[in-house]
Amino acid sequence: MDVLNMLKSQFSPALVGKIANAIGVDEGTVQKALGGAIPALLAGFVEKASSAELGSAETEMTALPAMGDGEEAMNALSDPEKATQVASVGSEMVDGIFGDKLDGVAGWLSHQFGVEKSAALGLLATLAPVVLGFVKRIAGGDLNGFLAGLAPGLAGMLPGGLGSALGVPDVRVPAAEAPIPRAAVPVDETASSGGIPAWIWLIPVLIIGGWAIWKATQSGGSGPEETQPTVTQPAVTSPETTAPSGEMHKDLPGGVSLDFPAGSVEDDLIAFIEDPSRQVDKDTWFTFDRLEFDTGKATIRPESMERIDAIAKIMAAYPNVHLKIGGYTDNTGDPAANMKLSQDRAEATMSALVDKGIAADRLEAEGYGEQHPKASNDTDEGRQQNRRIDVRVTQK
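Residues numbered from 1 in each chain as written. Predicted model: local features only at pLDDT ≥ 70, side-chain atom pairs only at ≥ 80, totals over all residues. Heavy atoms only, no water.

What am I meant to see in the pattern of salt bridges here?
Close approach of charged atoms lets side chains of opposite charge pair. Under the counting rule described, the total for this entry stands at 15 salt bridges. For Arg290, the salt bridge goes to Asp289, with nearest N and O atoms at 2.2 Å. Measuring nitrogen to oxygen at the nearest pair gives 3.6 Å for the salt bridge that ties Arg301 to Asp294. Assessed through its relative accessible area of 28%, Asp294 is described here as partly exposed. Salt bridges linked by common partners bring Glu266, Asp289, Arg290, Glu306 and Arg307 together as one network. (Salt bridge = Lys/Arg side-chain N within 4 Å of Asp/Glu carboxyl O. Buried < 20%, exposed > 50% of the residue type's maximum accessible area, 1.4 Å probe, protein only.)

Where do I start with helix 7 (residues 102-113) in this structure?
Owing to its 3.6 residues per turn, the α-helix brings residues three or four apart onto one side. Look at helix 7: 16 Å from first C-alpha to last across 12 residues, which is about the 16 Å you get at 1.5 Å a residue. Of the positions making up helix 7, those classed as buried are Leu102, Val105, Ala106, Trp108, Leu109, Ser110, Gln112 and Phe113. (Helix = DSSP H or I, 4+ residues; strand = E, 2+ residues; numbered from the N terminus. Expected span 1.5 Å × (residues − 1).)

I would appreciate a short explanation of the pairing of strand 2 (residues 247-252) in the present structure.
Strand residues, when the strand is regular, have side chains that alternate between the two faces of the sheet. By the alternation rule, side chains of strand 2 split into Met248, Lys250 and Leu252, which are all buried, and Glu247, His249 and Asp251, of which none is buried. Two elements, strand 2 and strand 3 (residues 256-261), share 6 bridges in a ladder whose sense is antiparallel. By the bridge assignment, Lys250 is partnered in strand 3 with Leu258. Hairpin remark: strand 2 followed by strand 3, antiparallel, with 3 residues in the connecting loop; positive phi at Gly254, about 80 degrees. (Pairing = 2+ DSSP bridges.)

What exactly am I supposed to notice about unusual backbone geometry here?
With the exception of glycine, most residues fall at negative phi, and the peptide bonds are largely trans. Although it is not a glycine, Arg290 adopts a positive phi angle of roughly 60 degrees. Among the structural elements, Arg290 can be located in the loop between strand 4 (285-287) and helix 13 (305-317). The backbone of His372 shows a phi angle near 55 degrees, a positive value even though the residue is not glycine.

Even after reading the chapter, I still don't get the nonpolar core, so can you show me in this structure?
Generally speaking, soluble globular proteins have nonpolar side chains that are buried together. By size, the foremost hydrophobic cluster in this structure holds 58 residues, and its most contacted members are Leu7, Phe11, Ile19, Val30, Leu41, Leu127 and Leu147. Among the secondary structure elements, those contributing two or more residues to this core are helix 1 (2-9), helix 2 (13-23), helix 3 (27-50), helix 6 (80-98), helix 7, helix 8 (117-139), helix 9 (143-150) and helix 10 (162-166). When neighbours within four sequence positions are excluded, Phe11 is seen to be in contact with Val16, Ile19, Leu34, Ile38, Leu127, Val130, Val131 and Phe134. Counting 37 residues, the second-largest nonpolar core is a separate cluster that includes Val265, Ala317, Met350 and Leu363. (Core = buried A, V, L, I, M, F, W, Y, C linked by side-chain atoms within 4.5 Å. Contact = heavy atoms within 4.5 Å.)

Explain the confidence of the model for the protein chain to me, please; I cannot follow it from the model alone.
One rule of thumb: low pLDDT means the predicted coordinates there are not for detailed reading. Taken as a whole, the protein chain shows an average pLDDT of 73; of its residues, 70% reach a score of 70 or greater. Here strand 1 (residues 183-184) stands out as the element of the protein chain with the lowest mean pLDDT, 38, in contrast to strand 5 (residues 322-328), whose mean of 95 is the highest. Of the regions scoring below 50 in pLDDT, residues 52-66 engages in 23 contacts with residues more than four places distant in sequence or in other chains. The low-confidence segment residues 169-233 (pLDDT under 50) makes 190 contacts with residues lying over four places distant or belonging to another chain. (pLDDT = per-residue confidence, 0-100.)

Quick look at the structure:
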């Protein structure tokens, strides 16, 4: 993921604009599609370098027609005639890299980011020389060794669904363009660089350190909550009621197929469940976005039942998974009333999942009232974020 982030950082707004002009797609779409195209190309380079049947991987990778260290191809995009040459070179590259998988990769990009398949192919061809040039620069003098070193973690670099198109086991992580996963943290009473300059590796350390410091200052409690004042409480609308952009598709075990927004609770849960390095604990909660209740009541709105259905499908696909459902409110109104409302809403969510065929002994529900706010209750926006349902994996 550090490599992906470094590659992505090379694509300034000006470069994105050049790429958009070259392939005839708007800049916003190109910016989003980079989150799929860059990992697809990197995976292709890694696979090409490590494929046993290629013989000398070093020779094979050296033969790829890169253009300089990425700067040459990038600068060429400013000139329409040279941009055509870049795409021509890139078209040859992607044919060699992906072979008969190219159509599937382009189809995945088309479905994922809403672009025509021809535009997806054009994007891959235009990006290929630029990305390989940047990878060569990052790798220093040992491109093959650098790419071989990425191979063990390749599956974890791929956005959901891309692994299937590439023939790589689909171990998901959030897509590069996806929003940061909404993991709340409620307190639960129950329960050598391959040629890269050394300073580069300080970046993830600083990011993680800064994130930890920020998180420590947020609150002394756990994750999100929902609220109901003694006066009628507003309907629960999670902070992410507006679905994040970028639709994901996932084929789950047992023949279950699911479509969901990138960065959604479905996205977060699947990533957590499928990642063997992420262990069950009492601190990792995910906000059940797009789940709404009638104002001051525990009645789930009909339009939110699609979310219930999606979580039920995930639990059906992973029969060992157990969930705890937490209900939360803001601090408006009577604390006792808020506590009861949060409990009722958590239980209503649990009952809805049971109605979808999930065994009750795989679920538990608890209301936390106005405890553990995830935002300030001094603003309407903060109170809205605090009125919520969270879920936590208790077994996987």
